[in-house]
Amino acid sequence: MLLFGGTFDPVHPAHLAMAREALALCRADSLILLPAGDPPHREAPGASAEHRLRMLALACAGDPRLRIDPRELRRPGPSYSLLTAREYRDECGEDTPVLLVLGADAAAGLGSWHGARELPGLVHLLVLARPGARFDPLLPERLGWQSAQDVASLLGCAAGRFLQHTGPLMEHSATAVRGALREGGTDEVGLLDPAVLAYIREHGLYRSGSD
Ligand code: ATP
């Protein structure tokens, strides 16, 4: 089971590339994207939960392996990964490997996550490199994860292992996309999924003063 959480404000090409990289690495049939409602480690999103969900659905429409689970949007309170990990562990049973996919910048903040020390009992971590992100590779071990050398080691047990993986590095960030949309930049914006861009234009999202 592959889980990939994010704010997706908006979804951009690196998110989709990460999802596909994780699918290929794990030879998995599906990956579940979990848009965050109220992300605990950052300021409020620029677009509402419903808009972010609909943009994500548009971006994933062509790839049936990419599934969306809106549970964090529907759950009141901060979107702690711990709560989602607990729910998935309950639903999957104790033996199914559950992998949480995240970028190196997000992984660098793991120490301050709600219930950081409980997470290794629930999921594995698959950390994908991100340009410019400084990530202390010893951090997961300090928090109770066991370092793994390959994905097979993660898939061989239910939880508790951590793998750092360098796939194709991509510079995209939602912050840059929002900035480009506000300022009329074309580079970042032109790389968005056309249906997502059309949705942004139609609903007037990320205009000046909205971020
Ligand atoms: P923002 O710029 O608003 O912080 P973001 O581009 O980081 O947004 P998120 O939705 O916050 O997008 O990210 C979801 C997950 O995807 C996080 O784990 C983040 O680390 C990862 N991620 C996003 N962009 C990249 C990228 N270019 N390379 C690697 N990981 C990425």
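Preceding block: the structure.
What you are looking at is a predicted structure, and each value in this text was computed from that prediction instead of being measured.

A.B. asks: Before we go on, may I ask you to explain the overall build of the protein in this structure?
C.D. replies: Helix and strand counts for the protein stand at 10 helices and seven strands. Here the C-alpha radius of gyration of the protein, 17 Å, is about what a compact globule of 211 residues would show, namely 17 Å. Expressed along its principal axes, the backbone C-alpha trace of the protein runs to roughly 45 × 35 × 35 Å. When burial is assessed residue by residue, the protein has 47% of its 211 residues classed as buried. For the protein, long-range pairs separated by at least 24 residues make up 73% of all intrachain contacts whose partners lie at least 6 apart in sequence. For the protein, the accessible surface area stands at approximately 10,000 Å², while carbon and sulfur atoms represent 50% of it. Of the side-chain charges in the protein, 21 are positive and 26 negative, and the distance between the mean point of each set is 1 Å.

A.B. asks: How should I be thinking about the site of the ligand in this particular structure?
C.D. replies: Around the ligand, the surrounding shell holds 22 residues, and the nearest of these are D105, R130, M170, A174 and T175. One nitrogen or oxygen atom from the main chain of T7 is found 2.9 Å from an oxygen atom belonging to the ligand. A distance of 2.7 Å separates a nitrogen atom of the ligand from a polar atom in the backbone of M170. Protein chains shield 90% of the accessible area of the ligand, which is 600 Å² for the free molecule.

A.B. asks: Is there a simple way to think about the sheet that holds strand 4 (residues 99–103) in this case?
C.D. replies: Picture the strands of a sheet paired through backbone hydrogen bonds; they go either parallel or antiparallel. With parallel pairing, the seven strands of this open sheet are ordered in space as 3-2-1-4-5-7-6. Two strands lie at the open edges of the sheet, namely strand 3 (66–68) and strand 6 (146–147), each paired on one side alone. Inspection of the sheet shows strand 5 (residues 124–128) paired to strand 7 (residues 161–165) by four bridges, in the parallel sense. Counterpart to L126 in the pairing with strand 7 is L163.

A.B. asks: It is not clear to me how the state of the cysteines should be interpreted in this structure. Could you clarify?
C.D. replies: In a disulfide, the sulfur atoms of two cysteines are held together by a covalent bond. Considering all chains together, one arrives at zero disulfides under this definition. As a non-bridged cysteine, C92 has C26 as the owner of its nearest cysteine sulfur, 14 Å distant. C157 carries a free sulfur, and the closest cysteine sulfur to it, the one in C26, is 13 Å from it.

A.B. asks: I tried to follow the packing of aromatic side chains on my own but got confused; where do I start?
C.D. replies: For any pair of aromatic rings, the description consists of the separation of the ring centres together with the inter-plane angle of the planes. Under the counting rule described, the total for this entry stands at two aromatic pairs. Between F4 and F8, the aromatic rings sit 5.6 Å apart at their centres with planes inclined by 85°, giving edge-to-face as the arrangement. There is no split in this pair, since F4 and F8 are both buried. On the numbers, 6.1 Å between centres and 65° between planes, the contact of F135 with F162 is edge-to-face. Here the residue F135 occupies a position in the loop between strand 5 and helix 6 (139–142), and F162 occupies one in strand 7, the gap between them amounting to 27 residues. Considered together, F135 and F162 belong to a single accessibility category, that of buried residues.

What counts, and at which threshold
Residues numbered from 1 in each chain as written. Predicted model: local features only at pLDDT ≥ 70, side-chain atom pairs only at ≥ 80, totals over all residues. Heavy atoms only, no water. Helix = DSSP H or I, 4+ residues; strand = E, 2+ residues; numbered from the N terminus. Rg over C-alpha atoms; globule rule 2.2 N^0.38 Å. Buried < 20%, exposed > 50% of the residue type's maximum accessible area, 1.4 Å probe, protein only. Contact = heavy atoms within 4.5 Å. Areas by Shrake-Rupley, 256 points an atom, 1.4 Å probe, with all protein chains shown as cover. Lys, Arg positive; Asp, Glu negative; His and termini not counted. Charge placed at Lys NZ, Arg CZ, Asp CG, Glu CD. Near = heavy atom within 4 Å. Polar contact = N/O pair within 3.5 Å; in protein donor to acceptor, adjacent residues only side chain to side chain. Pairing = 2+ DSSP bridges. Disulfide = S-S within 2.5 Å. Phe/Tyr/Trp six-rings, centres within 6.5 Å; stacked < 30°, edge-to-face > 60°.

So yeah, pure geometry; function would need other evidence.
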